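Chain by chain, the residues:
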Amino acid sequence: MKAARYYDRGDIRVDELPEPEVLPGTVGINVAWCGICGTDLHEYLEGPIFAPGHGQTHPISGEGLPVTLGHEFSGVVYAVGEGVEDLEVGQHVVVEPYIIRDDVDTGPDSRDYHLSPDMNFIGLAGRGGGLGEKVVVQRRWVHPIDNSVPLDQAALIEPLSVGYHAVERSGAKAGDVALVGGAGPIGLLTAAVLKAQGVTVAISELSPLRREKALEAGVADYALDPSQVDVAEEVRKITDGKGADVAFECSSVQAVLDTLMDALRPTGVLVVVSIWGKRSDFDIHKLVMKEIDMRGTIAYVNSHPATIELVESGKIDLSPFITGKIGLEGLVDEGFDTLINRNETAVKILVSPSGEGL
Ligand SMILES: [Zn+2]
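Computed from a prediction, not measured in an experiment: that's the story for all the values here. (Residues numbered from 1 in each chain as written. Predicted model: local features only at pLDDT ≥ 70, side-chain atom pairs only at ≥ 80, totals over all residues.)

Caption draft 1: Layout of the overall build of the protein chain. In terms of regular secondary structure, the protein chain is built from ten helices and 18 strands. For a compact globule of 358 residues, the expected C-alpha radius of gyration is about 21 Å, and the protein chain comes in at 20 Å, within 12% of that figure. Each principal axis of the C-alpha atoms in the protein chain carries an extent, and together these give about 60 × 40 × 35 Å. Relative to its 358 residues, the protein chain shows a buried fraction of 47%. (Helix = DSSP H or I, 4+ residues; strand = E, 2+ residues; numbered from the N terminus. Rg over C-alpha atoms; globule rule 2.2 N^0.38 Å. Buried ≥ 20, exposed ≤ 12 C-beta atoms within 10 Å, placed from the backbone.)

Set out below in structure tokens:
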């Protein structure tokens, strides 16, 4: 089978590999679609970050470079290993792509398995990936989805779960007003979850194309251009002078963080969703004087079932966020190149590793 593997910074190759073995307790999946994520771009441009370092192996997967890429994927079950009785061949699934130690409690009541030591991801630190034609995944991390959800849209359930967990962390409830800073894929999908839960959403974004996408997809009530308007002032207009109840930092840009702090009401909640590769210069006095509650959020924890439900019920339509479909051969020249050099023109580019559906 074919798979795109990460060898090093700037070095991704499409290789011919033997098919993975379906062991007891695992599920064999024919990958239908796999999204390209900002994390993949960071590995390509600045890595290895999540991928194992040179000469090293990941402590849980035991694998080193090269590793198969792709952690945002959907597919169809082609085989189930011994002991797997609640999934069948032909079933449509998505994967919660964790690599987690066997002794960690990953049961339905766990709220912190995603924060356990050496946590990493399928498609970054070993165990195959969605940018291969087939992948074998432990039953725990495979989530069935209804056949009514198209498999291309289903590939976006992984990043949507990131938004779901971020919204959960914020404590936002119906009737609240949220400000989302940055309308990249995660900002848009976080906004989609907020809208589905009855929250009024304002998005702040410099790119006109991205603002247009947010309005067109129906995930924002207001799309504000921070180069033209005072975003905090606009948010106060929307909220009778009060300020936003919750804010989501989805850009890793200092000016955005400052704006969100200004736009929040006293006792508001600021959730930092983006990955910051640098330290922030932050006016802590504002946080103190407004009693702002600032929280981090990373990935998801037991978030997939509720996220899948939002999509199956039709409360969230993921189709507007698919802006391109390519084969494995176009991964770097078409996919990565578009997302690195013309990123405001794209939201999610999906890859079909087998070429089927293109
Ligand atoms: Zn991702």
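Caption draft 2: Looking closely at the sheet that holds strand S4 (residues 67–68). Taken together, the three strands give an open sheet; going across it, the order is S2-S1-S4, and neighbouring strands pair in antiparallel fashion. Of all strands in the sheet, those with a lone pairing partner are strand S2 (11–16) and S4, marking the two edges. Bridging between strand S1 (residues 2–8) and S2 involves six bridges; their strand directions are antiparallel. Note on S2: the bridge partner recorded for Lys2 is Glu16. (Pairing = 2+ DSSP bridges.)

Caption draft 3: Fine view of the nonpolar core. Core analysis: the biggest nonpolar cluster contains 103 residues, and Ala178, Leu188, Ala191, Val201, Ile203 and Ala247 have the highest contact counts within it. No other element matches helix H4 (residues 185–196), which puts eight residues into this core. Inspection of this core shows a minimum of three residues originating in each of domain 1 (2–156 + 318–352) and domain 2 (162–296). (Core = buried A, V, L, I, M, F, W, Y, C linked by C-beta atoms within 7 Å. Domains from an automatic or database assignment.)

Caption draft 4: Highlighting the packing of helix H3 (residues 157–170) against H4. Taken N-terminus to C-terminus, the directions of H3 and H4 make an angle of 60 degrees; their axes are 8 Å apart at the nearest point. Taken together, H3 and H4 sit at an angle that is classed as oblique. With respect to the hand of their crossing, H3 and H4 are arranged in right-handed fashion. Counted together, Pro159, Leu160, Val162, Gly163, Tyr164, Ala166 and Val167 of H3 and Pro185, Ile186, Leu189, Thr190, Ala192, Val193 and Leu194 of H4 form the full contact between these two elements. Within the contact of H3 with H4, the residues separate by chemical class into twelve nonpolar, two polar and no charged. (Axes fitted to C-alpha atoms, helices over the stretch in contact; angles between N-to-C directions. Parallel < 35°, antiparallel > 145°, perpendicular 65-115°, else oblique. Left-handed = near helix turned anticlockwise from the far one by under 90°. Contact = placed C-beta atoms within 7 Å. Nonpolar A, V, L, I, M, F, W, Y, C, P; charged D, E, K, R; others polar.)

Caption draft 5: Broad picture of H3. End to end, H3 covers 20 Å across 14 residues, agreeing with the expected 20 Å (1.5 Å per residue, within 8%). A large share of H3 lies buried, amounting to twelve of its 14 residues. Listed in full, the buried residues belonging to H3 are Ile157, Glu158, Pro159, Leu160, Ser161, Val162, Gly163, Tyr164, His165, Ala166, Val167 and Ser170. Two residues or fewer past H3, Gly171 is found with a positive phi of approximately 75 degrees. (Expected span 1.5 Å × (residues − 1).)

Caption draft 6: Region of interest: the UniProt feature "domain: Enoyl reductase (ER)" (unreviewed entry) in the protein chain. Summarizing the sequence annotation, UniProt attributes the feature "domain: Enoyl reductase (ER)" (unreviewed entry) to residues 10–328 in the numbering used throughout. Note that residues 10–328 is 25% helix and 25% strand, and that its end C-alpha atoms are spaced 16 Å apart. (UniProt positions renumbered as here; feature names shortened; annotations may be inferred.)

Caption draft 7: Inspection of the sheet that holds strand S14 (residues 244–249) at higher detail. With parallel pairing, six strands are arranged side by side in an open sheet as S13-S12-S11-S14-S15-S16. Every interior strand has two partners, whereas the edge strands, strand S13 (222–224) and strand S16 (293–296), have only one. Each strand axis lies, on average, 20 degrees off the axis of its neighbour in the sheet, ignoring direction. Relative to strand S12 (residues 200–204), strand S11 (residues 177–181) runs parallel, the two sharing five bridges. The residue of S12 that forms the bridge with Val177 is Thr200. Of the strands in this sheet, S11, S12 and S14 touch H4, which is tilted by about 165 degrees from S12. Its contacts with the sheet place helix H7 (residues 254–263) against S11, S12, S14 and strand S15 (264–272), and it is angled at close to 170 degrees to S14.

Caption draft 8: The pairing of strand S17 (residues 322–327), seen in detail. Sheet analysis places S17 next to strand S18 (residues 348–352), joined by five bridges and oriented parallel. Following the sheet pairing, Gly327 is matched in S18 by Ser352. A crossover links S17 with its parallel partner S18, the connecting element being helix H10 (residues 331–341), and its sense is right-handed. (Right-handed = clockwise from strand over helix to strand, strands pointing away.)

Caption draft 9: Spatial organisation of the environment of Leu270. Residue placement: Leu270 occurs in strand S15. Residue Leu270 is classed as buried on the basis of its 23 C-beta neighbours within 10 Å. Placed 13 residues apart in sequence, Leu270 and Leu257 show a C-alpha to C-alpha distance of 8.9 Å. Aside from chain neighbours lying at most four places away, what touches Leu270 is Ala247, Glu249, Leu260, Met261, Leu264, Ile292 and Met294.

Caption draft 10: Up close: helix H9 (residues 304–312). All of the buried residues along H9 are His304, Thr307, Ile308, Leu310 and Val311. Take H9 and look down its axis: the buried residues cluster within an arc of 155 degrees, on one side only. Those residues of H9 that are exposed and angled more than 90 degrees off the buried face are Pro305 and Glu309. At its buried positions, H9 is contacted by strand S10 (142–144), helix H2 (151–154), H3 and H4. Note on H9: the residue one or two positions beyond its end, Gly314, has a positive phi of about 85 degrees. (Arc of directions from axis to C-beta.)

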